[in-house]
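Per-entry structural report
Okay, here's what each chain looks like letter by letter:
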Amino acid sequence: MWLYLHMVLKVTKILAFQSLSGVYSAREFVWWYNGHPDYSSFKPDLQSSDTAVILGQGNVALDVARILLRPTTELASTDIASHALSALEESSIRKVYLIGRRGPVQAALTTKELREVLGIKNLHIRIKETDLSVTPADEEEMKSIRARKKKKIYELLSKAAAAATRTSEADRDQRELHFVFFRQPDRFLESDERKGHVSGVNLEKTILESVGSGKQIAVGTGEFEDLNCSMVLKAIGYKSVPINGVPFDHKKGIVPNVNGRVISHTSGGISKTEPGLYVCGWLKRGPEGIIATNLICAEETVGSIREDIEEEDGICKSEKEGSKGLLQLLKERKVKKVDFSGWEKIDAKEKQMGSEINKPREKLVTWEDLLAAATN
């Protein structure tokens, strides 16, 4: 069973006027290798050259780089979709560039995910020594309690850069991950040989400017350089979209809430919540965090729901119909649904298929197969 909050990619000026083949969103790529039915026929260009560029340096960008660079002999024992594994086995990509507007101190990574990538066998990490220079403003940024993780990320990157060894260019299977800091994309470059296909990214050099409270922002310098590649993946953030009839903060891209309770309006500094209406996940707090963060977020919202139900001797003050109302609405609109028992059947089927080929699971990647498994 698939459950997704619909998001839209937050795009910068670079991508508003160009749609070259070979340029994809990270979301498309992630759904492809994870076996999402809507993207089972997606065909990323993995063979036109040995270089891919990923715009962004968050966990999604890092995970995409991991899939592109990890040996397929190792991926074969994971639950990666079979169609993606087959395509990656034929991939020519050996160099991946992760582009970030700011420096290593500001990289939006988590230590666990970074360690996993740095631990890939025979992967060579490339970072310019000048990019690792730390300014007094960076030192200040790493002092706060919340920034201790930033300091750890910086230390891991520095250690990886220092451990990088020179290898023979005769090694055709050498794999490299380049962390490129202080660069922001300006425009895509079109191939002269392949009309309509991307051939690189034009990057603008940046510097950091302090905006107070220990925060620094990237500012363009007007200096540019080109980076050649055959594939670009955009992993520069997501922004939730409004839902009709639900309050929405367009600036933050969230539904205003207190501990998951949706705020209908605020008057005189007092927030009034909408009875029976709750929110969680990125729609609640913005596009940040990992799975564990979402679990804590969901627990908080569920806690609010329980408190409201238990009020006034167990009678919830909400006049909304809850799950019964939802089921009735689905029936009226003739929407097919998969309940939890159906999901358990899908789960069992995928695990059984996986056990036959020494994988944790073999994913069903069409809606027809998923629904068939759920109803058998």
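Only a predicted model underlies this, so the values are computations on that prediction, with no experimental measurement involved. (Residues numbered from 1 in each chain as written. Predicted model: local features only at pLDDT ≥ 70, side-chain atom pairs only at ≥ 80, totals over all residues. Heavy atoms only, no water.)

Attention now moves to the overall build of the protein. When you go through the protein residue by residue, the secondary structure sums to twelve helices and 14 strands. Residue burial in the protein is summarised as follows: out of 376 residues, 40% are buried. Accessible area for the protein stands at about 22100 Å²; split by element, carbon and sulfur atoms hold 51% of it. (Helix = DSSP H or I, 4+ residues; strand = E, 2+ residues; numbered from the N terminus. Buried < 20%, exposed > 50% of the residue type's maximum accessible area, 1.4 Å probe, protein only. Areas by Shrake-Rupley, 256 points an atom, 1.4 Å probe, with all protein chains shown as cover.)

The next thing to look at is the packing of aromatic side chains. What the rule picks out here adds up to eight aromatic pairs. Plain terms: the ring middles of phenylalanine 29 and tyrosine 33 are 5.5 Å apart, the flat faces sit at 75° to each other, and that makes the pair edge-to-face. One end of the pair, phenylalanine 29, and the other, tyrosine 33, are both in helix H1 (residues 26–33), four residues apart, so they sit about a helical turn from each other. Relative accessible area serves as the criterion here: at 2%, tyrosine 33 is assigned to the buried category. Following the ring pairs from residue to residue traces out a cluster consisting of Tyr24, Phe29, Trp31, Trp32, Tyr33, Tyr39 and Phe42. Above the ring of tryptophan 31, the side-chain terminus of arginine 27 is found at 5.4 Å from the ring centroid. (Phe/Tyr/Trp six-rings, centres within 6.5 Å; stacked < 30°, edge-to-face > 60°. Lys NZ or Arg CZ within 6 Å of the ring centre and 35° of its normal.)

Moving on: the confidence of the model for the protein. Mean pLDDT for the protein: 87, with 89% of residues reaching 70 or above. Within the protein, strand E1 (residues 7–9) has the poorest average pLDDT of any element, 31, and strand E3 (residues 51–55) the best, 98. Considering only residues more than four positions removed or in separate chains, one finds that residues 1–17, a stretch of pLDDT under 50, has 40 contacts. (pLDDT = per-residue confidence, 0-100. Contact = heavy atoms within 4.5 Å.)

Between helix H2 (residues 59–69) and helix H5 (residues 111–118), the shortest axis-to-axis distance is 10 Å and the interhelical angle comes to 20°. As far as their axial angle goes, H5 and H2 are roughly parallel. When the axes of H2 and H5 are compared, the crossing they make is left-handed. Where H2 approaches H5, its residues Asn59, Leu62 and Arg66 are matched on the opposing element by Glu113, Leu114, Glu116 and Val117. Within the contact of H2 with H5, the residues separate by chemical class into three nonpolar, one polar and three charged. (Axes fitted to C-alpha atoms, helices over the stretch in contact; angles between N-to-C directions. Parallel < 35°, antiparallel > 145°, perpendicular 65-115°, else oblique. Left-handed = near helix turned anticlockwise from the far one by under 90°. Nonpolar A, V, L, I, M, F, W, Y, C, P; charged D, E, K, R; others polar.)

Attention shifts here to helix H7 (residues 148–163). The end-to-end C-alpha distance of H7, which contains 16 residues, comes to 23 Å, matching closely the 22 Å that a straight helix rising 1.5 Å per residue would cover. For H7, the set of buried residues is Ile153, Tyr154, Leu156, Leu157, Ala160 and Ala161. Viewed end-on, H7 has its buried residues packed into an arc of 160°, placing them on one side of the element. Those residues of H7 that are exposed and aimed more than 90 degrees away from the buried face are Arg148, Lys159, Ala162 and Ala163. Looking at the packing, one finds that the buried side of H7 touches H5, strand E5 (123–127) and strand E6 (175–180). (Expected span 1.5 Å × (residues − 1). Arc of directions from axis to C-beta.)

Now for the sheet that holds E3. With parallel pairing, six strands are arranged side by side in an open sheet as E2-E10-E3-E4-E6-E5. Where the open sheet ends on each side, the last strands, each with one partner, are strand E2 (23–25) and E5. Strand after strand, the sheet turns through a mean of 20° between neighbouring axes, direction not considered. Bridge count for E5 against E6 is five bridges, and the pairing is parallel. The residue bridging arginine 126 from the neighbouring strand is histidine 178, located in E6. (Pairing = 2+ DSSP bridges.)

It is worth spelling out the nonpolar core at this point. In terms of nonpolar packing, the biggest core is built from 54 residues, with Leu68, Leu177 and Phe179 touching the most fellow members. Residues in contact with leucine 68, not counting those within four places in the same chain, are Phe29, Leu46, Ala52, Leu88, Ile93, Val96, Arg175, Met231 and Leu233. Grouped together as the second largest cluster of nonpolar side chains are 14 residues, Ile99, Val180, Phe188 and Leu203 included. (Core = buried A, V, L, I, M, F, W, Y, C linked by side-chain atoms within 4.5 Å.)

One open sheet accounts for three strands, arranged E7-E8-E9; its pairing is antiparallel. In this open sheet, the two strands that pair with only one neighbour each are strand E7 (183–190) and strand E9 (216–228). Shown here is a sheet whose adjacent strand axes are inclined to one another by a mean of 20°, direction ignored. Alignment of E7 against strand E8 (residues 198–210), held across seven bridges, turns out to be antiparallel. Paired with arginine 187 across the two strands is asparagine 202, which belongs to E8.

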